[in-house]
Amino acid sequence: MNNHISKHLFFVRHGQASFGEANYDNLSQQGWQQSELLGQALKKDHHNFQKIFSGPHQRHFQTFQGIEKGYGEKMSSCETIQGFAENQLMEIAMYFIPKMLNSDLPAQAIFKQMPIENRDGEFLKLFQQVAKKWMKNELDLSEKKFESYPDFLSRIEKTIAYLDSATNSGDNVLIVTSGGTITAVYALATQCSDEEILKLNFGIKNVSVTDFNYYNNTLDLKTFNKSYLPKEFETYI
């Protein structure tokens, strides 16, 4: 493969999902609007993509569909890549939060018992505690066979290698995935600390763009978490 010309990798976080609903893995109405607005912005800025990929979750492919609709014309076909699935941190948190609180109730029931004005803050605090332990390999993941943080990073690194083999030098490549995956790519590119990654993971906007030049097996960060949306459409779910 010719590596003299870098590839341009555009990572897009999915549109707003259905947080609090029975099926989170489904774009909300606003998520569809966000995706279409991004497509319009990409068209206006004359972005074109030789290859397009999405993670395996429904919200990933739905976001691509919204982008294509907003783009106003048929884009390259979208290939699903299992390796760009989100990490299991949400499932891990839901499993370990009751254990941390010595409760027999499932996590959702615990939060429903809390005053509504405190729920988001309490959830975020407990979620971050679990996330820190996950990233430091301080949790026993064996019972549920959850993916460890090192294994997650390894999976993303291997998937980037696959992406390299599936694209050509000079290609503009669009990848629709989740915030955790994008921060993992950022970590591989910048070698930043786990603490920084944890902070970044909660600040990635829906349908924001993070792009890298990829050359000679090296990721070079160009922009991070860039929003193309009007402020009133920006969300983080």
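Heads up: the structure comes first, above all this text.
A short note on helix H1 (residues 29-44)
Here is step 1: The terminal C-alpha atoms of H1 lie 23 Å apart, and with 16 residues this matches the ideal 22 Å at 1.5 Å per residue to within 8%.
Here is step 2: When we look at burial in H1, the residues that qualify are Gly31, Gln34, Ser35, Leu38, Gly39, Ala41 and Leu42. Seen end-on, H1 carries its buried residues on one side only, within an arc spanning 165 degrees. Exposed side chains of H1 directed beyond 90 degrees from the buried face belong to Gln29 and Lys44.
Here is step 3: For H1, the secondary structure elements touched by its buried residues are strand E1 (7-13), helix H2 (58-71) and strand E5 (209-215).
Here is step 4: Among the residues trailing H1, histidine 46 stands out with phi positive, at a value near 65 degrees.

Describing the sheet that holds E1
Here is step 1: Spatially, six strands are ordered E3-E2-E4-E1-E5-E6 in an open sheet, and the strand pairing comes out mixed. Where the open sheet ends on each side, the last strands, each with one partner, are strand E3 (78-80) and strand E6 (218-226). For this sheet, the mean inter-axis angle between neighbouring strands, taken without regard to orientation, is 20 degrees.
Here is step 2: Judged from the six bridges that link them, E1 and strand E4 (residues 172-177) form a sheet pairing that is parallel. The partner of valine 12 across the bridge, within E4, is valine 176.
Here is step 3: The strands that helix H7 (residues 179-190) touches are E1, E4, E5 and E6; relative to E6, the one it contacts most, it runs at about 135 degrees.

Section: the side chain of serine 35
Here is step 1: Tracing the backbone through its elements, the reader meets serine 35 in helix H1.
Here is step 2: Engagement of the side chain of serine 35 in a polar contact is seen with the backbone oxygen of glycine 31, the distance being 2.8 Å.
Here is step 3: Once residues lying within four places of it in the same chain are set aside, the contact partners of serine 35 are Gly15, Leu27, Thr63, Gly66, Ile67 and Val207.

A look at the side chain of glutamate 86
Here is step 1: Tracing the backbone through its elements, the reader meets glutamate 86 in the loop between E3 and helix H3 (89-100).
Here is step 2: At 3.0 Å, the side chain of glutamate 86 and the backbone nitrogen of glycine 180 are in polar contact.
Here is step 3: When near neighbours in sequence (up to four residues on either side) are disregarded, glutamate 86 contacts His57, Arg59, Phe152, Arg155, Ser178, Gly179, Gly180 and Thr181.

Conventions used here
- Residues numbered from 1 in each chain as written.
- Predicted model: local features only at pLDDT ≥ 70, side-chain atom pairs only at ≥ 80, totals over all residues.
- Heavy atoms only, no water.
- Helix = DSSP H or I, 4+ residues; strand = E, 2+ residues; numbered from the N terminus.
- Expected span 1.5 Å × (residues − 1).
- Buried < 20%, exposed > 50% of the residue type's maximum accessible area, 1.4 Å probe, protein only.
- Arc of directions from axis to C-beta.
- Contact = heavy atoms within 4.5 Å.
- Pairing = 2+ DSSP bridges.
- Axes fitted to C-alpha atoms, helices over the stretch in contact; angles between N-to-C directions.
- Polar contact = N/O pair within 3.5 Å; in protein donor to acceptor, adjacent residues only side chain to side chain.

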